[in-house]
Amino acid sequence: MTGLRERKKQQAREDIAAAAARLFAERGFDAVTVEEVAEAAGVSKKTVFNYFPAKEDLVFSRFDERESGLIAAVRDRPPGTSVLESFRAVSLAYCDELAATPPGTQRRSAVALVEQSAVLARRWHQLRNHYLEVLAGELATEAGSDPDDPLPAAVAAALLGAERSIKRAAGLRVRSGVPPADVATWLRPQVVRIYDRLAAGLADYPSG
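Summarised in this report is the structure supplied together with it. (Residues numbered from 1 in each chain as written. Predicted model: local features only at pLDDT ≥ 70, side-chain atom pairs only at ≥ 80, totals over all residues. Heavy atoms only, no water.)

1. Quick notes on the pattern of salt bridges
Okay, step 1: All told, the structure shown has 10 salt bridges when counted by the stated rule.
Okay, step 2: Here K45 makes a salt bridge to E35, at a shortest N to O gap of 2.8 Å. Pair noted here: K45 is in helix α3 (residues 45–51) and E35 is in helix α2 (residues 34–41), with a separation of 10 residues, a long-range link.
Okay, step 3: Here D57 ties to R123 by a salt bridge, and the two come within 2.4 Å at their closest N and O atoms. Here D57 is found in the loop between α3 and α4 (63–75), whereas its partner R123 is found in helix α7 (residues 118–143), with 66 residues between them in sequence.
Okay, step 4: Residue D57 is classed as buried on the basis of its relative accessible area, which comes to 14%. (Salt bridge = Lys/Arg side-chain N within 4 Å of Asp/Glu carboxyl O. Helix = DSSP H or I, 4+ residues; strand = E, 2+ residues; numbered from the N terminus. Buried < 20%, exposed > 50% of the residue type's maximum accessible area, 1.4 Å probe, protein only.)

2. A short note on the nonpolar core
Okay, step 1: Ranked by internal contacts, the top residues of the largest apolar core, which has 46 residues, are F24, L58, F87, L98, L135, L139 and L187.
Okay, step 2: Listing elements by their share of this core, those giving two or more residues are α1 (4–27), α2, α4, α5 (83–99), α6 (110–114), α7, α8 (151–175) and α9 (180–202).
Okay, step 3: Element by element, the count of residues in this core is highest for α8, at 8 residues.
Okay, step 4: Contacts of F87, omitting those with residues within four sequence positions, involve L70, A73, L135, L159 and Y195. (Core = buried A, V, L, I, M, F, W, Y, C linked by side-chain atoms within 4.5 Å. Contact = heavy atoms within 4.5 Å.)

3. Some remarks on the environment of E115
Okay, step 1: Summarising the element assignment, E115 is placed in the loop between α6 and α7.
Okay, step 2: Residue class for E115 comes out partly exposed when judged on its relative accessible area of 45%.
Okay, step 3: Placed 25 residues apart in sequence, E115 and A140 show a C-alpha to C-alpha distance of 32 Å.
Okay, step 4: Contacts of E115, omitting those with residues within four sequence positions, involve R168 and R175.
Okay, step 5: A polar contact of 2.6 Å, which involves the side chain of E115, links it to the side chain of R168. (Polar contact = N/O pair within 3.5 Å; in protein donor to acceptor, adjacent residues only side chain to side chain.)

4. Observations regarding the side chain of R77
Okay, step 1: Looking at the element boundaries, R77 is found in the loop between α4 and α5.
Okay, step 2: A polar contact of 2.5 Å, which involves the side chain of R77, links it to the backbone oxygen of T81.
Okay, step 3: There is a polar contact of 2.5 Å between the side chain of R77 and the side chain of E142.
Okay, step 4: Setting aside residues up to four positions removed in sequence, R77 forms contacts with A72, S82, V83, S86, E142 and P206.

Written as structure tokens, this is what we have:
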């Protein structure tokens with residue numbers, strides 16, 4: 001059970017990230033200073049850096065959750081479920097999340113911010129490589145692959161590419177003004193189509 005101190009620290013982290021997200025959505029990443037984030041969150045600049053060592057970490061504040069989710073999609077999937085189907089379920093859950101989002105509450109996505117900032121683009125490239133290594137490592141371990149086997153990395157790249165393309169397509173529609181629920185309705189068959197296409201080659205991986 002999480003203690004009171006830990007809960008307070010987590011709440012402070014979330015409050016800072018939320019304040020940063022509001023400012024970045026309004027003005028863009030490069031135009032906002034850490035001092036302004038601290039003021040909006042009601043904390044000191046030092047406190048911001050205690051939770052987020054670099055300014056760009058404020059955009060990628062769910063880095064640990066993302067990494068944990070990738071690992072869970074492999075390790076914690078139900079018996080008899082392929083990694084492909086586990087990722088399909090994750091993408092369909094994202095559609096459900098989108099459908100439950102009230103119109104007008106969607107903040108500018110990290111992808112939209114990255115497209116406007118060279119600093120964020122460099123960090124995003126680093127994170128993508130890290131996610132690929134993490135997922136490929138999990139797949140290689142389960143498959144019992146040799147250290148120099150390129151297949152786990154190739155499969156990881158395909159799965160991450162599918163997930164990224166789905167979220168990017170959704171973000172483009174939301175930012176163009178389409179209500180999130182309508183985007184979710186459009187997106188579900190796209191998710192099915194993408195994973196059905198991948199299933200021809202990855203359906204039984206890593207057991208096959």
